[in-house]
Amino acid sequence: MPERGAVSWTALVGGFVKKGHFEQALEWFLEMQLSGVEPDYVTIIAVLSSCANLGTLGLGLWVHRLVLSKKIKDNVQINNSLIDVYARCGCIEFSRQVFEKMKIRTVVSWNSIIVGFAMNGNAEEAIEFFKLMQIEGFKPDMVSFTGALAACSHAGLVDEGLMLFDVIMSVHRISPRIEHYGCVVDLYSRAGRLEEALNVIENMPMKPNEVVLGSLLAACRTYRNVNLAERLMNHLLELGPSSDSNYVLLSNIYAAVGSWDGANIVRKKIKDFGVQKKPGISSIEIDCDVHEFVAGDRSHVDTEHIYAMLECMQLELRTSGYIPESNVGDLCEYD
Ligand SMILES: *[C@@H]1O[C@H](CO)[C@@H](O)[C@H](O)[C@H]1NC(C)=O
């Protein structure tokens, strides 16, 4: 294009965001900055969405300053995105500040702060804000319920969570979604009420997905309940190769209770299915640069330093008496 305005740049940045290529979106945003074209609020929302997904606090703060300097006209959506960025970067107090200073709030603003509190472990506040939003006349939607339910399960508030789940149907007349069933399974699982968790899984109107099965399986491990884990196996098989991480979990459960045969059977199933372990990518931002890494990664330029530091930390842990969970039976994460 001979001429590129804010709209063209924003379309490009936004396109990368839509496809989930957040790093590239940020790279093109930097190009845009270099080209001297001023971003508008649509660009800013796209950039903030990338920041939230990558956990890039530095850039988030920079954008926030840009908004405060009135170079970008602030609006509700930008503020909602800021709440989300700070929450995902673990700075929930910043989220709270943005939320409290907002003149106009929408359901999305409330959802962002509730989910933010829930995912940062501030369960009490999540529940408090869930109640507040209703006092202020906002109708909670699917997302609000998910946030509040997740908060209940993190805080171990089983009865409160179950009541909330009831309210979704009886008061709000919405049919709960799989996320909500997942939260209830998680509620029971964390409380050690594994049979009740299984009961929910077997009676929910939709097929359980790997997240739902995963929370009960994890609890089977905590409570060393191989029997129940085996009964979950059928549900796992129905999911097919997509539930690779749960196979690993199941195999670890067997190993944890010393049933090597069971562990070997599961491992063989993993092979037969051709299950590929998808590496979970983590990312960290240092000086506005995003570094991505997976388990056992040695591709980083500073890999020597990183591993030296890891060894250092392990040594410290051991000398201060921390004994690693004995995961000799775990599938090697570094394969
Ligand atoms: C957005 O948040 C800022 C504080 O960060 C506030 O001054 C502004 O009024 C908010 N805008 C709206 C539309 O709520």
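The present account deals with the structure reproduced in this document. Model, not experiment: these values are computed from the prediction.

1. Some remarks on the overall build of the protein
Line of reasoning, step 1. On a plain count of helices and strands, the protein comes out with 17 helices and two strands.
Line of reasoning, step 2. The proportion of buried residues among the 335 residues of the protein is 41%.
Line of reasoning, step 3. Within the protein, residue pairs in contact and separated by at least 24 positions form 60% of the contacts whose partners lie at least 6 positions apart.
Line of reasoning, step 4. As displayed, the protein offers around 18,800 Å² of accessible surface, 56% of which is attributable to carbon and sulfur atoms.

2. Considerations on the site of the ligand
Line of reasoning, step 1. Around the ligand sit His64, Asp74, Asn75, Val76, Asn79, Lys101, Met102, Lys103 and Ile104, and those are all the residues in its vicinity.
Line of reasoning, step 2. Contacts to the ligand include isoleucine 104, whose backbone N or O atom sits 3.4 Å from an oxygen atom.
Line of reasoning, step 3. Protein contacts shield 83% of the accessible area of the ligand, which totals 360 Å² for the unbound molecule.
Line of reasoning, step 4. Under a 2 Å grid-point criterion requiring more than half of the atoms, the pocket assigned to the ligand is the second largest pocket.
Line of reasoning, step 5. In terms of residue class, the shell around the ligand is built from three nonpolar, three polar and three charged.

3. Overview of helix α3 (residues 41–54)
Line of reasoning, step 1. Taking 1.5 Å per residue as the helical rise, α3 with its 14 residues ought to reach 20 Å, and the 20 Å between its terminal C-alpha atoms agrees with that figure.
Line of reasoning, step 2. Within α3, 10 of the 14 residues are buried, which leaves the element mostly enclosed by the surrounding structure.
Line of reasoning, step 3. Taken together, the buried positions of α3 are Thr43, Ile44, Ile45, Ala46, Val47, Leu48, Ser50, Cys51, Ala52 and Leu54.
Line of reasoning, step 4. Considering only its buried residues, α3 is in contact with α1 (6–18), α2 (22–35), α4 (57–68), α5 (76–88), β1 (282–286) and β2 (289–293).
Line of reasoning, step 5. Remark: glycine 55 follows α3 within two positions and exhibits a positive phi of approximately 70°.

4. Notes on the pattern of salt bridges
Line of reasoning, step 1. Using the criterion set out here, one finds eight salt bridges in the structure.
Line of reasoning, step 2. Among the ionic pairs, arginine 96 bridges to glutamate 93, the shortest N-O distance being 3.0 Å. Taken as a pair, arginine 96 and glutamate 93 lie in helix α6 (residues 92–101) at a separation of three residues, close to a single helical turn.
Line of reasoning, step 3. The exposure class assigned to arginine 96 is buried, which follows from its relative accessible area of 17%.
Line of reasoning, step 4. By relative accessible area, glutamate 93 is classed as partly exposed at 40%.
Line of reasoning, step 5. Across the salt bridge formed by glutamate 195 and arginine 231, the nearest N and O atoms sit 3.3 Å from each other. With a gap of 36 residues between them, glutamate 195 in helix α12 (residues 194–203) and arginine 231 in helix α14 (residues 226–239) connect regions that are remote in the sequence.
Line of reasoning, step 6. With relative accessibility at 39%, the residue arginine 231 sits in the partly exposed group.
Line of reasoning, step 7. Residues participating in the shared-partner salt-bridge network are Glu93, Arg96 and Glu125.

5. Observations concerning the layout of surface pockets
Any empty space left between the atoms is revealed when a probe the size of a water molecule rolls over them.
Line of reasoning, step 1. If you add up the space inside the second largest pocket, you get close to 490 Å³.
Line of reasoning, step 2. Secondary structure elements with two or more residues in the lining of the second largest pocket: α4, α5 and α6.
Line of reasoning, step 3. For the lining of the second largest pocket, the element with the most residues is α4, which contributes five residues.

6. Section: the side chain of threonine 303
Line of reasoning, step 1. Mapped onto the elements, threonine 303 comes out in helix α17 (residues 303–319).
Line of reasoning, step 2. Those residues within four positions of threonine 303 in sequence are excluded, and the remaining contacts are Asp297 and Arg298.

7. Focus: the packing of α1 against α2
Line of reasoning, step 1. Relative orientation of the contacting elements α1 and α2 amounts to 165°, with a least axis distance of 7 Å. By the criterion of interaxial angle, the relationship of α1 to α2 is roughly antiparallel. At the point where α1 passes α2, the crossing takes the left-handed sense. Residue-level contacts link Ala6, Trp9, Thr10, Leu12, Val13, Phe16 and Val17 of α1 to Phe22, Gln24, Ala25, Trp28, Phe29, Glu31, Met32 and Ser35 of α2.
Line of reasoning, step 2. When the residues that make up the contact of α1 with α2 are grouped by side-chain class, the tally is 11 nonpolar, three polar and one charged.

8. Remarks on the packing of α2 against α3
Line of reasoning, step 1. Orientation of α2 relative to α3, taken along the N-to-C sense of each, is 140°, at an axis distance of 9 Å. With respect to their mutual orientation, α2 and α3 come out oblique. As α2 runs across α3, the sense of the crossing is left-handed. In this structure, α2 uses Phe22, Glu23, Ala25, Leu26, Phe29 and Met32 to contact α3, whose residues at the interface are Thr43, Val47, Ser49, Ser50, Asn53 and Leu54.
Line of reasoning, step 2. Classifying every residue of the contact of α2 with α3 by side-chain character gives seven nonpolar, four polar and one charged.

Definitions and cut-offs
Residues numbered from 1 in each chain as written. Predicted model: local features only at pLDDT ≥ 70, side-chain atom pairs only at ≥ 80, totals over all residues. Heavy atoms only, no water. Helix = DSSP H or I, 4+ residues; strand = E, 2+ residues; numbered from the N terminus. Buried < 20%, exposed > 50% of the residue type's maximum accessible area, 1.4 Å probe, protein only. Contact = heavy atoms within 4.5 Å. Areas by Shrake-Rupley, 256 points an atom, 1.4 Å probe, with all protein chains shown as cover. Near = heavy atom within 4 Å. Polar contact = N/O pair within 3.5 Å; in protein donor to acceptor, adjacent residues only side chain to side chain. 1 Å grid on protein atoms, 1.4 Å probe; cavity = no way out; pocket = protein on both sides within 12 Å on 5 of 7 lines; lining within 4 Å. Sits in = over half its atoms within 2 Å of the grid points. Nonpolar A, V, L, I, M, F, W, Y, C, P; charged D, E, K, R; others polar. Expected span 1.5 Å × (residues − 1). Salt bridge = Lys/Arg side-chain N within 4 Å of Asp/Glu carboxyl O. Points joined across faces, edges and corners; volume = space filled by probe spheres on them. Axes fitted to C-alpha atoms, helices over the stretch in contact; angles between N-to-C directions. Parallel < 35°, antiparallel > 145°, perpendicular 65-115°, else oblique. Left-handed = near helix turned anticlockwise from the far one by under 90°.

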